[in-house]
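Spelled out, the chains give:
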Amino acid sequence: MYLPPIAHLPARKNAAQPDPLQWLRENTIPSIDEIPSHYQQSLLENRPKAAFIALVRNSEVEEMVYSMVQLEARFNSRPTHRYEWVFFNDEDFSDEFILGVTNATGSRCFFEVIPQKHWSVPSWIDTTRFDVGRQFMGSIGVGKAWLQSYHHMCRWNAGLFALEERLAQYEFFWRVEPGVEFSCDINYDVFRFMRDNDMAYGFNMAILDDARSFPSLWDRTKAFIKENKDMIHEDADYDCHDNAGKDLDHLEYNNCQFYSNFEVGSLAFFRSKEHRAYFEHLDKTGGFYYERFGDAPIHTLSVSLFLPKRRIWYFRDIGYAHGLLSCGCTVSAIDHDNAKLVPFESKQHKPVDPCIRLFLGGKWLEKREDWDQEAEIAAGRDGSGGYLLDGLEGNPFVDGAANQHG
C-alpha cells in the first residue's frame, strides 16, 4: 500500500498522540468485501458527522454532476461512507439542478440559499472605491477581480461558510468544486481519518498565487498578530510561509498557500474564536472588496498560526485536477504545478524551494551533491530542481520503487 509523505515534525510528546501512518496501515481496505457485514453496519452507524459542501450555480449542474459521479465512485458509494451533500447558492436552486445532483448520489442532499447578509457588500465598504479598485485589478489581469460576485465568494469561503445554519450539525466538511476530477480510489474513510487522528485541516496541493490580488494581506495579518499574540499556537510552524527566516515579529509572507478548492476541514476550527477573530479583522479592513483577498491564503495563514503543524495533513494520495492544476496520486512529481497560477506580470519574490517542500521540510529539501543550478538554467529549466526525492518513490508504476513516507 502507498503511504503519503508526512511533514517533518518534532518527536511526539506522548505515546497517546495519534499515529496517522499506522492508522492508514490498519484502515486502508481496497475492497469492501474484506469488511464483515456486521462491522460495515457498525462503521456506518459510527461515522463522523461530516458532509461534502459545494458553492455552485444552477448553470453548473453538468459540471457538478461530473465531480459528484467521480467522488461517489472513488469514495462515497461505499456502504460504510455515504456522506451527505450540502449545496449552497445565492439564489434558489432550479428543479433541473436538484434532479441532476440527486440522481448522482445515493446520499441525502440539502439545498441552501445563502442569506443576504453573507452575500452582499458590507455597510462599511466604500462602493465607489470598490468599483474603481476591481476595474483596475481586472485591467492588469488579476483573475476575476472585476466580478462583484467573485469578491462575495472569496469572503464567504474565507469564513462565513462555517456559520451557515445547515452546517451546524456537522463536525467536518469536504469542499467539492464543479468540474473537477478525482483520479484514484480512496480506500479509507477520509473523515474518520481526520477525526481519529485529531486533524483539523487537509489539503493536497500547496502553490503560489498572484500576490497582486492581496497586496495588503500580510500587513493586515501582522497587525492582527501584534495585537493577539496569545492566540498563536505554541506549536505553530509558520516557517514554510516565511521568506525571511526570522521570528514571528519579522516574518515576510512568501505567498505559499494550500489550494483551498480541495480541502477537508474541521468546522469547529473555522468557528473557533481564533479564526473568527482573524477573519473579522481582515473583513473590517475591506480587503475582500478593495483588493481580492482570497480564501486560500487566509485559510493557509489561519491554520498555520492557530494550529500545531501535526493537525494539518497532506493528502498526497488523493488524485485531483481542477483546471490548470492537478496532482496525480503519486504519479506526478511532488512539486508539480507549484507556480502555475503566478502570471509573468506578477513580479512577486518567489521562495527558493517549492511550497510543498517547504511544508514537508526535512529530507524533502535536500539536494544532490552533483546538482548545478546554472547548468539547469542553461538547459532551459527554472533552476529549482536537484532534489534527492521527487515524490515518485511511492509510485507503483515505477519499477523497483520503494515507498518514502518519512
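Below you will find a few notes about this structure. Since the model is a prediction, treat every value here as computed from it, not as a measurement.

So, how was this worked out
- Residues numbered from 1 in each chain as written.
- Predicted model: local features only at pLDDT ≥ 70, side-chain atom pairs only at ≥ 80, totals over all residues.
- Heavy atoms only, no water.
- Helix = DSSP H or I, 4+ residues; strand = E, 2+ residues; numbered from the N terminus.
- Buried < 20%, exposed > 50% of the residue type's maximum accessible area, 1.4 Å probe, protein only.
- Contact = heavy atoms within 4.5 Å.
- Areas by Shrake-Rupley, 256 points an atom, 1.4 Å probe, with all protein chains shown as cover.
- Pairing = 2+ DSSP bridges.
- Axes fitted to C-alpha atoms, helices over the stretch in contact; angles between N-to-C directions.
- Phe/Tyr/Trp six-rings, centres within 6.5 Å; stacked < 30°, edge-to-face > 60°.

1. A closer look at the overall build of the protein chain
From N to C terminus, the protein chain includes 14 helices and 12 strands. Within the span of the protein chain, comprising 406 residues, buried residues form 54% of the whole. Counting contacts in the protein chain only where the partners sit at least 6 residues apart, residues at least 24 apart contribute 77% of the total. Approximately 18,600 Å² of the protein chain is accessible, and the part contributed by carbon and sulfur atoms is 49%.

2. Some details on the sheet that holds strand β4 (residues 172–175)
Strand order in the open sheet formed by 7 strands is β3-β2-β1-β4-β9-β6-β10, with mixed pairing between adjacent strands. Each edge of the open sheet is held by one strand with a lone partner, namely β3 (109–113) and β10 (312–314). Shown here is a sheet whose adjacent strand axes are inclined to one another by a mean of 20°, direction ignored. Bridge count for strand β1 (residues 50–55) against β4 is 4 bridges, and the pairing is parallel. Residue F52 lies in a different strand from β4, and its bridge partner there is W174.

3. Description of the packing of aromatic side chains
Under the criterion given, the structure shown has 43 aromatic pairs. When the centroid spacing of 5.4 Å and the interplanar angle of 15° are considered together, the rings of F87 and F111 count as stacked. Highlighted residues: F87 in strand β2 (residues 84–89) and F111 in strand β3, separated in sequence by 24 residues. Among the residues examined, F87 registers a relative accessible area of 0% and is labelled buried. A relative accessible area of 25% means that F111 is categorised as partly exposed. Between F224 and F306, the ring centres sit 6.2 Å apart and the planes meet at 75°, which makes this aromatic pair edge-to-face. Remark: F306 occurs in helix α12 (residues 295–306) and F224 occurs in helix α8 (residues 217–227); sequence separation between them is 82 residues.

In short, the description is geometric, and any link to function would need to be established separately.
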